[in-house]
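Each chain is listed here by its residues.
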Amino acid sequence: MGFSFFGLKEKEDTPVAGSLSDPRHPASKHLKAAADIVDRCVRIEVAGDQSMLQVSAGMDDLTQLVQELDAGIQLCPDDLNLAVAKASALHVCGQFKSAEEELDKVLAKDPQHFEARQWKDHWESWLHPLRFPVWNEKMTALQPAMAAHLRAGHRVQIVREGFQKVIAIVAVVQGPPFHPQTKIRVAWVLSETPSGPLLAYYVKIIEPQGEPSTMEAFVPLFKPTLFAPMEGFYLAQQLALCPYAFVALVNNGGVQLNCKLEWGPKTLRQIQKIQADVAGRKSFLAQADFQRAMQWHMNNFDMAKVEFE
């Protein structure tokens, strides 16, 4: 009889540093209390090809949400990500002017803070962390918004863990469930094709028996037009803003493997190099050339040279 497994971690019981979801964060108690309120009261629902934010919270919940984040900010006044988290909470509460004022405070201290800068510059189109589906390594079924994005061909997505935006690789696999000791490795390659740049990524599945298998896929680096976080231009930069990612492999609608993968130092350096290149890029891939660029990469790139950490 077959079985599935969930919650596979590459480093068992090792907390992830450098994010608002890190249990070692000095404000973790307040962040968890605030995230519990969000997880209970905020849902991302899908209608057609549109996702919508649904909030079912009373005034007491919303007041406590902001109070918990204020308490966290008092403990860590220099953590600008906490201030952006508060802006997200205020926005969900309908306090749009107050949310923008929080962003202004962040940008006064760091004019290039990625999330605050993009949100401020693209107020109508940018989506803050609470506008994305919640996800963690214990989930056994895709959130509706994640499934909708997958149907639309988006295998690199943004999800939310607490108040942290996290990249999630979601891919369809075939065959029986994976062995519980299966390991996952991911590598990223910025490919300069004659048609323009592509972000290639490789997911290596290593089971205890048999040869490892590697999946190759791509994120197109088009010039941004929507100014939304799920555009490839911004996804490539989002990678560098969190020290881990999720990998969810699905079959027939069920999640067969759900892994929280912390980046190693070599991978993180590669991601940071990609982020810097993409952020300063002036030339982009034309949408009509996406297929041509993918084919060129597959014909000219040696997958055997991919280094997995």
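Whatever comes next refers back to the structure up there.
How each quantity is defined
Residues numbered from 1 in each chain as written. Predicted model: local features only at pLDDT ≥ 70, side-chain atom pairs only at ≥ 80, totals over all residues. Heavy atoms only, no water. Axes fitted to C-alpha atoms, helices over the stretch in contact; angles between N-to-C directions. Helix = DSSP H or I, 4+ residues; strand = E, 2+ residues; numbered from the N terminus. Parallel < 35°, antiparallel > 145°, perpendicular 65-115°, else oblique. Contact = heavy atoms within 4.5 Å. Nonpolar A, V, L, I, M, F, W, Y, C, P; charged D, E, K, R; others polar. Pairing = 2+ DSSP bridges. Buried < 20%, exposed > 50% of the residue type's maximum accessible area, 1.4 Å probe, protein only. Polar contact = N/O pair within 3.5 Å; in protein donor to acceptor, adjacent residues only side chain to side chain. Left-handed = near helix turned anticlockwise from the far one by under 90°.

Caption draft 1: Region of interest: the packing of helix α2 (residues 59–75) against helix α3 (residues 80–92). For the pair α2 and α3, the least separation of the axes is 10 Å and the interaxial angle reads 170°. Looking at the two axes, α2 sits roughly antiparallel to α3. In contact with L65, V66, L69, D70, G72 and I73 of α2, α3 contributes L82, A83, A85, K86, A89 and L90. Split into classes, the residues belonging to the contact of α2 with α3 amount to nine nonpolar, one polar and two charged.

Caption draft 2: Layout of the sheet that holds strand β8 (residues 213–220). Spatially, β6-β7-β8 is the arrangement adopted by the three strands of the open sheet, whose pairing is antiparallel. Strands at the two margins of the open sheet, each flanked by one partner only, are β6 (183–193) and β8. Ignoring which end each strand starts from, the neighbouring axes of this sheet average 20° apart. Pairing geometry for strand β7 (residues 196–206) and β8, over eight bridges, is antiparallel. By the bridge assignment for β8, I205 is matched with S213. Across the sheet, helix α8 (residues 265–279) touches β6 and β7, and the angle it forms with β6 is around 30°. Contacting β6, β7 and β8, helix α9 (residues 290–300) runs over the sheet at an angle of about 145° to β8.

Caption draft 3: Layout of the side chain of H113. Positionally, H113 belongs in the loop between α4 (96–109) and α5 (114–121). By relative accessible area, H113 is classed as buried at 10%. Within polar-contact distance, the side chain of H113 engages the side chain of N81 at 2.9 Å.

Caption draft 4: Up close: the packing of α4 against α5. For the pair α4 and α5, the least separation of the axes is 9 Å and the interaxial angle reads 130°. Between α4 and α5, the angle falls in the class oblique. Classified by chirality, the crossing of α5 by α4 is left-handed. In contact with E100, L103, D104, V106 and L107 of α4, α5 contributes A116, R117, W119 and K120. Of the residues assigned to the contact of α4 with α5, the class counts are five nonpolar, no polar and four charged.

Caption draft 5: Expanded view of the side chain of Q238. For Q238, the position within the fold is in helix α7 (residues 232–238). Classification of Q238 as buried rests on a relative accessible area of 4%. What Q238 contacts, discounting residues up to four positions off in sequence, is F114, E115, I158, K165 and I167.

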